[in-house]
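These are the residues of each chain, in order.
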Amino acid sequence: MEPATACSATGPQLHRADGLDGKLRLRRGGRRALDAPALSALEKDEELIRHVAQQSWTGLVIAESRKHGAGRGLFTTKAFPKGSILCDYHGKVVDAAEGRRLIESLKPGEASYIYFFRKGAQDLCVNSQSDPCECHPSLVTFGRRINHSAKSFNVKGIVCDLQGHALPVLLLKATRDIKVGEEVYFDYGVTRRSFGGEGMGLSWLDD
Ligand SMILES: C[S@@+](CC[C@H](N)C(=O)[O-])C[C@H]1O[C@@H](n2cnc3c(N)ncnc32)[C@H](O)[C@@H]1O
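Residues numbered from 1 in each chain as written. Predicted model: local features only at pLDDT ≥ 70, side-chain atom pairs only at ≥ 80, totals over all residues. Heavy atoms only, no water.

By the naming in an unreviewed UniProt entry, the protein chain goes by SET domain-containing protein and is assigned to Goodea atripinnis.

Next up, the structure:
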């Protein structure tokens with residue numbers, strides 16, 4: 001693991017797209033350091049830590065996506081300024097190999113809710129397949145409902161060592177000012193040409 005103060009922006013986010021016979025391999029992107037004082041402040045932010053622990057995020061609602069055929073998506077009910085944290089990608093942090101095994105076990109067409117990331121030399125992922133999650137059985141969790149847009153994403157994932165959390169937490173941070181009523185998107189980091197063209201049939205990956 002990296003030192004407790006080291007947070008990083010993840011590169012492209014990694015969801016297997018469905019409709020691919022369970023075989024789409026997901027590309028991992030590069031990482032870049034974020035502004036250290038800002039990250040250090042995030043790690044100690046008590047309100048943020050409470051929201052992660054209690055899944056008490058506000059200003060978000062799940063509704064039918066504006067993307068054709070995408071199912072549900074995440075929308076804002078309040079404005080989020082650029083740089084603010086909307087929510088985390090909540091789930092179990094496990095080794096990436098375990099995440100890949102889980103993906104292989106999904107039925108054809110079954111959506112995956114697994115977010116792969118690197119932490120130092122470690123390949124990890126958040127497994128958010130269970131809904132509701134085991135730790136908050138009466139709550140909805142928001143991060144897993146965020147749909148893909150490579151061209152008009154408005155959040156990106158950052159990996160953070162929050163105080164009191166033994167495992168890294170994936171926070172979703174606004175890349176621009178987000179208005180009330182916008183759908184939230186991040187770039188899954190997969191193109192139709194990735195992995196030998198396994199996703200060639202999924203036109204929405206180009207969006
Ligand atoms: C993590 S889930 C996102 C939430 C999902 N829409 C839901 O209803 O729970 C990922 C799946 O959503 C769908 N999806 C995500 N972004 C999409 C887009 N831009 N267009 C069409 N489908 C999309 C794909 O089926 C993908 O496998």
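Pulling in residues and values, what's your account of the pattern of salt bridges?
Using the criterion set out here, one finds 7 salt bridges in the structure. Here Lys119 and Asp161 are joined by a salt bridge, their closest N and O atoms 3.0 Å apart. Taken as a pair, Lys119 in strand E7 (residues 114-119) and Asp161 in the loop between strand E10 (155-160) and strand E11 (169-174) lie far apart in primary sequence, 42 residues in all. What makes Lys119 buried here is its relative accessible area of 1%. Of the residues examined, Asp161 reaches a relative accessible area of 13% and is grouped as buried. (Salt bridge = Lys/Arg side-chain N within 4 Å of Asp/Glu carboxyl O. Helix = DSSP H or I, 4+ residues; strand = E, 2+ residues; numbered from the N terminus. Buried < 20%, exposed > 50% of the residue type's maximum accessible area, 1.4 Å probe, protein only.)

Got a sec to walk through the sheet that holds strand E9 (residues 147-148)? Specific residues and values, please.
Sheet architecture is open: 4 strands sit in the order E3-E4-E12-E9, paired in mixed fashion. Edge strands, defined here as strands with exactly one partner in the open sheet, are strand E3 (60-64) and E9. In this sheet, strand E12 (residues 183-186) lies alongside strand E4 (residues 72-76) in antiparallel orientation, the contact comprising 2 bridges. Within E12, the residue paired with Phe75 across the bridge is Glu183. (Pairing = 2+ DSSP bridges.)

I'd like to hear about the nonpolar core, residue by residue, with values.
A general tendency of soluble globular proteins is for nonpolar side chains to be buried together. Counting 35 residues, the largest nonpolar core has Leu86 and Leu171 as the members making the most contacts within it. The element that contributes the greatest number of residues to this core is E11, accounting for 5 residues. Residues within four places of Leu171 in sequence aside, it is in contact with Leu42, Leu48, Val52, Ile85, Cys87, Asp88, Lys156, Gly157, Ile158 and Cys160. (Core = buried A, V, L, I, M, F, W, Y, C linked by side-chain atoms within 4.5 Å. Contact = heavy atoms within 4.5 Å.)

Break down the packing of aromatic side chains for me, with residues and values.
Given two aromatic rings, one states the distance between the centres and the angle between the planes to describe the pair. Scanning the model with the defined rule gives 4 aromatic pairs in all. Between Phe186 and Tyr188 the ring centres are 5.1 Å apart and the planes differ by 45°, which places this aromatic pair in the tilted class. In this structure, Phe186 and Tyr188 share a single accessibility class: buried. Measuring from centroid to centroid gives 6.2 Å for Tyr188 and Trp204, while their planes differ by 90°, and the two rings are edge-to-face. Of this pair, Tyr188 sits in the loop between E12 and helix H4 (194-197) while Trp204 sits in the segment after H4, placing them 16 residues apart in sequence. Judged by its relative accessible area of 9%, Tyr188 falls in the buried class. Through pairs of rings, three or more aromatic residues link up here, namely Tyr89, Tyr115, Phe186, Tyr188 and Trp204. Residue placement shows Lys67 over the ring face of Tyr185; its charged tip is 4.7 Å from the ring centre. (Phe/Tyr/Trp six-rings, centres within 6.5 Å; stacked < 30°, edge-to-face > 60°. Lys NZ or Arg CZ within 6 Å of the ring centre and 35° of its normal.)

An account of the pairing of E4 is requested, with residue identities and associated values reported.
Extensive coverage of E4 is indicated by the burial of 4 of its 5 residues. Strand direction decides the pairing type here: E3 and E4, joined by 5 bridges, are antiparallel. Residue pairing across strands places Glu64 opposite Arg72, the latter belonging to E4.

Can you explain helix H1 (residues 36-44)? Please cite residues and give values.
Taken as a whole, H1 has its buried residues at Leu39, Ser40, Leu42 and Glu43. The arc that holds the buried residues of H1, viewed along the axis, is 155°, so those residues lie on one side. If you follow the buried residues of H1, they end up packed against helix H2 (46-54), strand E5 (85-88), E10 and E11. (Arc of directions from axis to C-beta.)

Account for the environment of Lys78, with residues named and values stated.
With respect to the secondary-structure elements, Lys78 resides in the loop between E4 and E5. Residues Lys78 and Ile178, spaced 100 residues apart in sequence, show a C-alpha to C-alpha distance of 8.5 Å. When neighbours within four sequence positions are excluded, Lys78 is seen to be in contact with Thr58, Gly59, Ile178, Lys179 and Val180.

Tell me about the side chain of Asn147, and name the residues and values.
Residue position: Asn147 is located in strand E9. Side chain to side chain, Asn147 and Ser65 meet in a polar contact 3.3 Å long. Setting aside residues up to four positions removed in sequence, Asn147 forms contacts with Ser65, Ala70, Arg72, Gly73, Glu183, Val184, Tyr185, Phe186 and Tyr188. (Polar contact = N/O pair within 3.5 Å; in protein donor to acceptor, adjacent residues only side chain to side chain.)

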